[in-house]
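# Per-entry structural report
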Amino acid sequence: MSALAKGWILYRPEPGLVKQESYEVDRLLEVAPRHGYDLAVVDPDDVQLLVNAEGADAVTVDGEEVPLPDFVIPRLGSMTGYFALAVIRQLEHLGVFCLNGADAVALAQDKLHQLQVLADHGFPVPKTLLVKFPVDADMVEETIGFPVVVKTLVGTQGSGVYLSEDKQGLDDLLQFVQANNPDARLVLQQFLSESRGRDVRILAVGTRIVSAMERIAESGFKSNYSQGGTARPFAWGPKNEFSVAEVMRVLGMDMAGLDFLYDDEVGFRICEVNSSPGFEGLETTCDVDVPTAVFRYLDVKFHISDKAKARHLAGGHGAVAGPDG
C-alpha cells in the first residue's frame, strides 16, 4: 500500500551541540505511518543539484536521480549552511512543499534580521545592539544599560549567550572574544530582570499553538530545557494565540518555536523564533503529540480528508485529492 504522501526530513547530526535532534527525528518517523505518510531521512550533504535553463532541473541523492518528495521537513536548526539552504530553495523551485521554506529558515538563522523584521511590524522585542570591535561600554550603558546579554548571531540551545553584569565584566568578555575571534558577530541585548532564569516556549504549527511551557533554570539566567532546566505547562489565552499567528505570518513560518521573555512593562517580549524547534521537553511536560499536529497540518496542505485517510489506513484504494485538488 503506497503512502498518501512521501516526505524527506533534511537532517544531519551537528558536532558540538549540547543535544542532538535525534528525538524529534525519531518521533516524526515513528508517527508518520499512523497518518499515512512515508518519511525518509536525507542528509543535505548527500544531495546534488542541477540547475538547467532548459527546465530540466534535477535533484540527486548520492549520485542517483530520485523521485521528488511531496514535502520536506528541514531539521537543521540555526546551523543550516549555505548548501542546505540551496537544497531547500531548489526543492521549493521544483514545487516541493517545505515546512519551513528557505526564506523562513534563513530568517531564523539571522537573529538580528529576525528582530529587525519583528520590530518593524510592531512586535515588542528586547533592545538590541549590533556591535563591532572596539565596543564603547559607555555607549552600551547609555543605550541598553547593565546587566546586558551578549549573544553570537548564530547559536542554539543556549550556546553563545552570556550575561555581563557591569562595564568591567563586558570589557573583559569582549577582550577575550576579540583576542580569539576578531571577526565574531555579536549583539548586545537588554536584560529583563523579570525573566531572569525563566521564559516561555510556545510551539506552533500552521499559526496554531500546539503547546506551551514555562522553562525555569536550575541556576544562572539561561532557562534552556536542553541545558538541565525544569519546565511546567503554560496556559495561553486568545491574545497569545493571535500574537503567535501574526508572528508566524510575518516570518513566513509553518512551524516554529517562539521564546518569550517576561516584561512588566508590556507583558512579554519576543526573544527569538526558531524554525526547527526541539519538542522533547514540550511532549514530556505537556503530554502533547507534536508530530500528529505536523501531519494534520500536512493533511490540510495536501487536501487529505479524514475519510480518505481512514480508507488508506484500512487498506483501501480510494482516490485522494492532490495538492491542486
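Before any of the text, the structure's been laid out above.
Here's what I pulled together on the structure shown here. Quantities reported herein were computed from a predicted structural model and do not represent experimental measurements.

### Quick notes on the overall build of the protein
Each helix and strand in the protein was counted, giving 10 helices and 16 strands. Each of the 325 residues in the protein was classed as buried or not, and the buried ones make up 50%. The contacts of the protein with a sequence gap of at least 6 include a subset with a gap of at least 24, amounting to 66%.

### Examining unusual backbone geometry
That bond from Leu99 to Asn100 is cis: its omega, 15°, falls within 30 degrees of zero. With respect to the element layout, Asn100 can be found in the loop between strand 7 (97-98) and helix 3 (102-109). Positive phi values are uncommon outside glycine, yet Asp62 reaches one of about 55°. Backbone geometry places His303, a non-glycine residue, at a positive phi of 55°. For His303, the position within the fold is in the loop between helix 9 (290-301) and helix 10 (306-313).

### Thoughts on the sheet that holds strand 4 (residues 58-61)
Strands sit in the order 3-4-5 across an open sheet of three strands; the sheet is antiparallel. Because the sheet does not close on itself, it has two edges, and the strands there are strand 3 (47-50) and strand 5 (64-65). Running at roughly 55° to strand 3, helix 2 (residues 82-93) makes contact with strand 3 and strand 4 of the sheet.

### Concerning the nonpolar core
Tyr37, Phe71, Leu203, Met255, Phe295 and Leu298 are the most contacted members of the largest nonpolar core, which has 30 residues in total. Contributions of two or more residues to this core are made by strand 1 (5-10), helix 1 (22-31), strand 2 (37-42), strand 6 (71-74), strand 12 (198-205), strand 13 (208-216), helix 8 (280-286) and helix 9. It is helix 9 that contributes the most residues to this core, six residues altogether. Once residues within four sequence positions are removed from consideration, Phe71 is found in contact with Ala5, Lys6, Gly7, Trp8, Tyr37, Leu39, Val96, Phe97, Leu298 and Phe302.

### Overview of helix 2
For helix 2, spanning 12 residues, the distance from its first C-alpha to its last is 16 Å, which sits close to the expected 16 Å at 1.5 Å a residue. Ala84, Leu85, Ala86, Val87, Ile88, Gln90 and Leu91 are the residues of helix 2 that are buried. Buried residues in helix 2 make contact with strand 1, strand 3, strand 4, strand 6, strand 7 and helix 3.

### A word on the pairing of strand 4
Where burial is concerned, the two faces of strand 4 agree: the one with Ala58 and Thr60 and the one with Val59 and Val61 are both buried. Judged from the four bridges that link them, strand 3 and strand 4 form a sheet pairing that is antiparallel. Looking at the pairing, Leu50 lines up with Ala58 of strand 4. In this structure, strand 4 lies alongside strand 5, joined through two bridges in antiparallel fashion. Within the sheet, the bridge partner assigned to Thr60 lies in strand 5 and is Glu65. If you look at the hairpin formed by strand 4 and strand 5, you'll find two residues sitting between the two strands, and Asp62 has a positive phi there, around 55°.

What counts as what
The residue numbers shown here count from 1 along each chain, following its written sequence. Local features in a predicted model are, by the rule used here, given only for residues with pLDDT of at least 70; side-chain atom pairs are given and counted only at 80 or more, and totals for whole chains, interfaces and linings are based on all residues. Each side-chain value is worked out from all heavy atoms of the structure, with water and hydrogens disregarded. Per the convention used, a helix needs a DSSP run of H or I reaching at least four residues, while a strand needs a run of E reaching at least two, with both numbered from the N terminus. In this scheme, a residue with accessible area under 20% of its type's maximum is buried, one over 50% is exposed, and one in between is partly exposed, where area comes from a 1.4 Å probe on protein chains only. What makes two residues a contact is simply this: any of their non-hydrogen atoms within 4.5 Å. DSSP calls a pair of strands paired once it identifies at least 2 bridges connecting them. Here the axes come from fitting lines to C-alpha atoms, over the contacting stretch only for helices, and the angles between their N-to-C directions go from 0 to 180 degrees. By nonpolar core we mean a set of buried residues, namely Ala, Val, Leu, Ile, Met, Phe, Trp, Tyr and Cys, connected to one another through side-chain atoms within 4.5 Å. Multiplying one less than the number of residues by 1.5 Å gives the expected span of a helix.

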